[in-house]
Amino acid sequence: MEDEKTESFEYQSIQVLKGVGQAVAEKLKRLEIYNVQDVLFHLPIRYEDRTKLTALGALQIGQQALVEGVVDHCEVKFMGRGRRSLLCYLSDNTGAIVLRFFNFSKAQKNNLTAGTKLRCFGEAKRIATRLEIIHPEYQVIQSGHVDIEQSLTPIYPKTEGVHQTLLKKISDQVLSKINQGHLIDWLPEQVKTEYQFSDLVSALSSVHRPDKKENVFALNQSKTKAQQRLLFEELLAHQLSLLQSRGEIKKTRAIKLSVSSAQYSAFTDSLAFDLTMAQQKVIAEIFADINNAHPMLRLVQGDVGSGKTVVAAAAAMAVVNAGFQIAIMAPTEILAEQHFVNFKHWFGENKCLRLTGKDKGKKRQQKLDQIVTGECPIVIGTHALFQNDVEFKQLVLLVVDEQHRFGVHQRLALREKGNNNIVPHQLIMTATPIPRSLAMTAYADLDYSVIDELPKGRKPVKTVVVSTSRREEVVQRIEKACENGEQAYWVCTLVEESEVLQCQAAEVAAELLTAELVNVRVGLIHGRMKQDQKRAVINQFKNKEIDLLIATTVIEVGVDVPNASLMVVENAERLGLAQLHQLRGRVGRGGKQSACVLMYQAPLSETGKQRMSILRETNDGFKVAEKDLELRGPGEVLGTRQTGLMQMRIADIVRDEHWLPEVKKTALYIIEHHPQAVKPLVRRWLGKADRFANV
Ligand code: ADP
Ligand code: MG
């Protein structure tokens with residue numbers, strides 16, 4: 001039961017704490033600390049052991065330690081380029097180390113005279129043949145005994161103007177209150193017994209103020225019992241949040257759409273190819289979902305080239321036949337254009353409309369009219385689709401393609417385009433294959449289909465990795481391929497996110513290659529060209545009026561030219577795995593053997609090497625994604641959608657993956673048997689960051 005008094009304690013403003021006035025409270029907001037409970041769940045990110053002194057002779061490389069010694073002498077060393085270091089030679093009767101300061105004052109130097117006794121804390125690094133501590137914290141020990149810390153030192157995530165001492169002081173106050181029993185433990189007894197979890201208060205106390213007997217290494221890996229209990233609860237809260245929002249959407253009304261077998265056959269007969277088994281299976285799943293008066297919430301994953309578009313078209317067919325509207329949202333104009341062309345081909349010109357940011361004035365108004373009157377059943381577009389003035393007559397299905405590029409809020413905005421309390425069915429398609437464990441957590445609100453088969457006759461792209469020193473050979477290879485009637489891409493990349501520079505690089509490459517390849521028709525496409533120009537170039541490439549297309553990464557998604565069978569990526573080391581895999585997916589779309597040449601600028605970094613070899617070894621998007629996850633972490637892989645996942649306080653969905661099935665099971669158990677625990681748990685862990693709550 002929720003106890004009034006306790007409830008109010010948790011949610012009291014932090015200003016009830018000593019030392020927290022208006023100004024400090026403002027700063028704490030930046031750490032998402034608003035109330036007393038938020039202080040408790042602002043957990044340390046690591047720990048330091050300042051409870052014992054380490055003899056200088058026993059200090060290990062990489063160890064963070066508290067040491068004491070006497071200054072032998074100090075000197076200022078010049079290190080070139082105007083840089084100076086203050087070196088302070090420290091020893092005790094077991095050994096010696098050097099303290100190094102890059103920034104120092106004259107007074108500081110003068111204080112560190114020979115014979116001064118210092119206590120320092122820092123990380124020992126090996127420099128040349130000796131151990132150094134760079135920029136240690138230190139204090140001069142005047143005489144007699146100086147106190148030593150009694151518990152391990154927690155280090156909290158901090159922000160400008162909020163220091164460790166403040167965070168320590170306020171958490172001390174709250175911790176002493178919870179010891180008096182002011183905090184509800186929402187984990188049911190049964191769950192705690194099953195996993196042998198301690199109660200919440202002792203877990204929190206031990207995580208904030210670990211006993212000095214605890215193993216610092218284990219703590220820094222979040223391996224202690226107390227941490228395991230808390231991270232389980234955090235994963236659980238995220239899961240509950242997603243399931244809760246799913247539950248809410250599932251309660252709303254949607255239009256029930258049914259497809260007769262005659263309609264389905266007519267659709268498949270109209271296609272130029274046979275659907276793969278995987279496509280058929282996913283279409284059946286979608287049909288089952290939309291044949292329901294509650295909204296579909298389905299994620300379709302399929303590697304690049306697995307044929308997701310036609311799956312969306314099957315859904316569109318169901319909508320069009322029933323006389324309603326479908327919206328298809330793409331992340332880029334190129335992709336919207338591509339879909340528009342395909343859908344016009346499948347459904348006829350008068351049934352499709354494309355709306356992008358480029359539509360202005362009268363033309364845009366005309367399109368808006370066609371949407372609001374329901375004249376046009378298939379609306380394809382970019383972000384422009386969710387502007388306020390875009391109104392549908394009856395939107396019943398929403399397809400979001402390559403959704404990792406969209407924020408949740410954008411999806412939400414489109415969902416609200418339904419009317420008469422009808423919520424559109426949602427179909428989300430992604431080419432970023434996400435490892436199952438991650439999908440289970442990140443997309444707990446969605447049902448999940450996989451197109452795990454490529455269309456027949458596809459040959460895996462052969463990937464080779466070469467240094468730029470072999471550019472000449474690569475250029476010759478392009479020449480040969482084009483002579484044989486094949487087509488090729490040459491992709492330019494840049495380190496900076498600057499589109500201008502990237503476009504310039506592509507322009508330069510195009511000039512160079514035009515000069516080098518006299519018999520090859522070279523085209524250029526980049527993000528700063530007008531939409532019409534881009535469309536014209538892609539059409540020329542499609543119609544084989546261009547042999548070699550020089551491009552920036554704008555072609556990453558949506559360009560579908562099956563005859564293109566060679567791709568060169570310049571400075572491939574600058575791109576991440578997922579992006580390279582996406583790019584490579586532009587070739588290997590026809591029946592021909594295709595190749596992808598990843599050209600790098602030597603020397604290649606260690607992770608650069610790993611990325612290249614993974615791509616050389618596999619064409620399987622799932623394997624690539626798994627490696628990507630290992631190399632980059634979940635935040636990057638998932639992109640903007642699940643920012644909440646990146647900001648977990650103590651859990652890490654990759655490291656703690658083994659908990660995920662248990663978490664899922666527990667979430668379902670709590671929803672069924674302890675529904676009153678759902679909201680407080682979500683609020684406790686996600687706080688204001690509960691981005692999923694209304695999605
Ligand atoms: P993606 O999953 O990357 O979005 P697309 O939907 O763009 O893939 O499809 C890639 C290409 O494969 C397109 O040219 C499409 O027409 C073609 N395609 C899709 N399904 C099949 C199939 N079952 N058999 C042959 N080609 C197909
Ligand atoms: Mg696609």
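Please read all numbers here as calculations on a predicted model, not as lab measurements. (Residues numbered from 1 in each chain as written. Chains lettered and ligands numbered in written order. Predicted model: local features only at pLDDT ≥ 70, side-chain atom pairs only at ≥ 80, totals over all residues. Heavy atoms only, no water.)

A.B. asks: Could you give me a rundown of the overall build of the protein, with the residues and numbers involved?
C.D. replies: Scanning the protein from terminus to terminus reveals 26 helices and 21 strands. Based on the C-alpha atoms only, the size of the protein along its principal axes is roughly 90 × 70 × 45 Å. For the protein, buried positions account for 54% of its 695 residues. Taking the intrachain contacts of the protein between residues at least 6 apart in sequence as the baseline, contacts between residues at least 24 apart amount to 75%. (Helix = DSSP H or I, 4+ residues; strand = E, 2+ residues; numbered from the N terminus. Buried < 20%, exposed > 50% of the residue type's maximum accessible area, 1.4 Å probe, protein only. Contact = heavy atoms within 4.5 Å.)

A.B. asks: I'd like a description of the site of ligand 1, backed by residues and values.
C.D. replies: Residues in contact with ligand 1 amount to 16 residues; listed here are only the nearest, Gly305, Lys308, Thr309, Arg458 and Asp560. In this structure, an oxygen atom belonging to ligand 1 sits 3.0 Å away from a main-chain N or O atom of Gly307. One of the side-chain nitrogen or oxygen atoms of Thr309 is found 2.6 Å away from an oxygen atom of ligand 1. Against a free-state accessible area of 560 Å², the protein chains account for coverage of 82% of ligand 1. Looking at side-chain class alone, the shell around ligand 1 contains four nonpolar, six polar and six charged residues. (Near = heavy atom within 4 Å. Polar contact = N/O pair within 3.5 Å; in protein donor to acceptor, adjacent residues only side chain to side chain. Areas by Shrake-Rupley, 256 points an atom, 1.4 Å probe, with all protein chains shown as cover. Nonpolar A, V, L, I, M, F, W, Y, C, P; charged D, E, K, R; others polar.)

A.B. asks: Describe in detail the sheet that holds strand 15 (residues 447-451), supporting the description with residues and values.
C.D. replies: By way of backbone hydrogen bonds, the strands of a sheet pair with one another, either parallel or antiparallel. Spatially, the seven strands line up as an open sheet ordered 11-12-10-13-14-9-15, and their pairing is parallel. Two strands lie at the open edges of the sheet, namely strand 11 (352-355) and strand 15, each paired on one side alone. Mean inter-strand twist for the sheet, computed between neighbouring axes without regard to direction, equals 20°. Here five bridges tie strand 13 (residues 395-401) to strand 14 (residues 425-430), and the two strands are oriented parallel to one another. Residue Leu398 lies in a different strand from strand 14, and its bridge partner there is Gln426. (Pairing = 2+ DSSP bridges. Axes fitted to C-alpha atoms, helices over the stretch in contact; angles between N-to-C directions.)

A.B. asks: Describe the domain arrangement of the protein, with residues and values.
C.D. replies: We note that the domain assignment places domain 1 (2-47 + 153-247), domain 2 (56-140), domain 3 (261-451) and domain 4 (462-618) within the protein. Computed over C-alpha atoms only, the centres of domain 1 and domain 2 are separated by 36 Å. (Domains from an automatic or database assignment.)

A.B. asks: Lay out the confidence of the model for the protein with the relevant residues and their values.
C.D. replies: When pLDDT is averaged along the protein, the result is 87, and 91% of the positions lie at 70 or above. In the model, residues 1-7 has pLDDT below 50 throughout and makes eleven contacts with residues more than four positions away in sequence or in other chains. (pLDDT = per-residue confidence, 0-100.)

A.B. asks: Any details on the pairing of strand 12 (residues 378-381)? Residues and values, ideally.
C.D. replies: Alternating residues of strand 12 divide into Ile378 and Ile380 and Val379 and Gly381, and every residue in both groups is buried. Pairing of strand 10 (residues 325-329) with strand 12 involves four bridges; the strand directions are parallel. Bridge assignment links Ile326 to a residue of strand 12, and that residue is Ile378. Two strands pair when backbone bridges link them, and strand 11 and strand 12 are joined in this way by four bridges, in the parallel orientation. By the bridge assignment, Cys352 is partnered in strand 12 with Ile378. Once you follow strand 11 into helix 14 (residues 361-372) and on to strand 12, the crossover reads as right-handed. (Right-handed = clockwise from strand over helix to strand, strands pointing away.)

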